[in-house]
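Residues per chain are reported as follows:
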Amino acid sequence: MAQQAYMTETDGNGGSGPEPRKVRLRRLIGTLLGRIGTGWRGDPRIWRRGLVLTGFALAFSLVMLVHSRIPNRYGNLGSLTETFLPWIGVFVPVLLVLALVRRSATALIAVILPAVVWLNLFGGLLGDKTGSGGDLTVATHNVNADNPDPAGTARDVAASEADVLALEELTATAVPVYEKALAATYRYHSVQGTVGLWSRYPLSGVKPVDIKLGWTRAMRATVAAPGGEVAVYVAHLPSVRVKLQAGFTARQRDKSADALGEAIADERLTRVVLLGDLNGTMNDRSLNAVTSQMRSTQGAAGSGFGFSWPASFPMARIDQIMVKGVEPVTSWTLPQTGSDHLPVAARVKVTTP
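A. Layout of the pairing of strand S3 (residues 136-142). When you tally the buried positions in S3, you get seven out of seven residues, the bulk of the element. The alternating pattern of S3 places Leu 136, Val 138, Thr 140 and Asn 142 on one face and Thr 137, Ala 139 and His 141 on the opposite face, and all of these are buried. The sheet contact formed by S3 and strand S4 (residues 164-168) spans five bridges and is parallel. Residue pairing in the sheet places Thr 140 in a bridge with Ala 166 of S4. Between the parallel elements S3 and S4, the chain passes through helix H6 (residues 150-158) in a crossover that is right-handed.

B. Geometry of the side chain of Thr 291. Residue position: Thr 291 is located in helix H9 (residues 288-291). Residues in contact with Thr 291, not counting those within four places in the same chain, are Met 282 and Met 322.

C. Layout of the environment of Ile 211. If you trace the backbone, Ile 211 turns up in the loop between strand S7 (203-208) and strand S8 (218-225). What makes Ile 211 buried here is its relative accessible area of 1%. For the pair Ile 211 and Leu 237, spaced 26 residues apart in sequence, the C-alpha separation works out to 8.1 Å. Apart from residues no more than four positions distant in its own chain, Ile 211 is found in contact with Arg 217, Ala 218, His 236, Leu 237, Gln 252, Ser 256, Ala 259 and Leu 260.

D. A look at the sheet that holds S4. Ordered in space as S5-S6-S4-S3-S16-S15, the six strands form an open sheet in which the pairing is mixed. Two strands in the sheet have a free side with no partner beyond their single neighbour: strand S5 (188-192) and strand S15 (327-333). Direction aside, the axes of adjacent strands within the sheet are offset by 15° on average. With six bridges connecting them, S15 and strand S16 (residues 344-349) associate as antiparallel partners.

E. Spotlight on the nonpolar core. Leu 136, Val 138, Val 164, Leu 197, Val 232, Val 273 and Leu 275 are the most contacted members of the largest nonpolar core, which has 22 residues in total. Taken together, the elements giving at least two residues each to this core come down to S3, S4, strand S6 (195-199), S8, strand S9 (228-236), strand S12 (272-277), strand S14 (319-324) and S16. Ranked by residue count, the leading element in this core is S8, at four residues. Discounting residues that sit within four places of it in the chain, Val 232 has contacts with Val 164, Leu 197, Met 219, Arg 220, Ala 221, Val 223, Val 273 and Leu 275. If you look at the next biggest cluster of nonpolar residues, it comprises 20 residues, including Ala 235, Ala 259, Leu 269 and Met 294.

F. The sheet that holds strand S13 (residues 295-296), seen in detail. Read from one edge to the other, the open sheet built from six strands follows the order S7-S8-S9-S12-S14-S13, with strand pairing classed as mixed. The open sheet has two edge strands with one neighbour each: S7 and S13. Two strands pair when backbone bridges link them, and S13 and S14 are joined in this way by two bridges, in the antiparallel orientation. For Arg 295, the partnering residue across the bridge sits in S14 and is Val 323. Docked against the sheet, helix H8 (residues 251-265) engages S9, S12 and S14, running at close to 170° with respect to S9.

G. Fine view of the packing of helix H2 (residues 51-65) against helix H4 (residues 91-102). It is at 10 Å that the axes of H2 and H4 come closest, and there the two elements cross at 160°. Relative to H4, the element H2 is oriented roughly antiparallel. Of the two possible hands of crossing, H2 and H4 adopt the one that is left-handed. Between H2, through Leu 53, Phe 56, Ala 57 and Phe 60, and H4, the contact on the second element is made entirely by Phe 91, Leu 95, Leu 98, Ala 99 and Arg 102. Here the residues of the contact of H2 with H4 are counted per class, giving eight nonpolar, no polar and one charged.

H. Just the pairing of S8, in detail. In terms of burial, S8 is a largely internal element, seven of the eight residues being buried. Pairing of S8 with S9, which is carried by eight bridges, proceeds in the antiparallel orientation. Each bridged residue has a counterpart across the sheet, and for Ala 218 the counterpart in S9 is Ala 235. Two successive antiparallel strands, S8 and S9, enclose a turn made up of two residues.

Conventions and cut-offs
Residues numbered from 1 in each chain as written. Predicted model: local features only at pLDDT ≥ 70, side-chain atom pairs only at ≥ 80, totals over all residues. Heavy atoms only, no water. Buried < 20%, exposed > 50% of the residue type's maximum accessible area, 1.4 Å probe, protein only. Helix = DSSP H or I, 4+ residues; strand = E, 2+ residues; numbered from the N terminus. Pairing = 2+ DSSP bridges. Right-handed = clockwise from strand over helix to strand, strands pointing away. Contact = heavy atoms within 4.5 Å. Axes fitted to C-alpha atoms, helices over the stretch in contact; angles between N-to-C directions. Core = buried A, V, L, I, M, F, W, Y, C linked by side-chain atoms within 4.5 Å. Parallel < 35°, antiparallel > 145°, perpendicular 65-115°, else oblique. Left-handed = near helix turned anticlockwise from the far one by under 90°. Nonpolar A, V, L, I, M, F, W, Y, C, P; charged D, E, K, R; others polar.

Written as structure tokens, this is what we have:
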């Protein structure tokens, strides 16, 4: 017989009954708050202290609430804020501790607001949405032009057992190394400019994609996957820079994102996968031409934020796998290689009823 996790205690009438865990948790929280209240009771300054902390709490809440209205006119401040927006949540427990130290009831109440706003924006990413099944595994990796061990990096990403692998930031000298190292795993491949695609399944319709740079950093191919034909795009959008005087310089990145979005919108196949380093997050409004028509596999079927850059201490997911017309099943990051980016992978369901 299953044993229930209940406690019994005497009720107000002298009887006894089960007390669920939720009731015990509420009782514990009430006890802790009661002890805090006992220590603060009679202190007339608990409402007047901590006004600076209260101001910070309200400011953080405002930034998260109106981030889409922060203008890009001055140093692309809006995009910069949206790139690192999830990290505002780090300040919530800090403000909470400081409010307790300052014994400020006003600050404690104010901290609730940024906590609620952050959870509304990003709480869905905290859970594990990974599933099982799927019929196509894809991966992408910015291998870094200065990678000291391209052969080792190739072996590492091949170990992911991806059916389709995209690599970005390929140099002319490194391409033969990657081709040799990946030949045993992938029968088909194509390199266009500084991006390449390796596949276990036949490729057709391979061509560069013009993203308004003057040289090739994006490509498109049809992959004859077992579940049906899939249009696979590989892209490496221009880098952005944070400069003291110029701010978040991303004009060329934004122009290329618009061109990539147009190419994907014109795609004749209904099943599309985008792999690459977009130098921007799903929150960045400047990538709307792409993100508005595709789903992030990490957001739909990942666990956590899936940050990919920088590899030594990932702070943002700028390496993306996006899909439309196929169903994300699971999404994850791969172990660090010789690059300054982490590889990312996903498994999707191509077959439709």
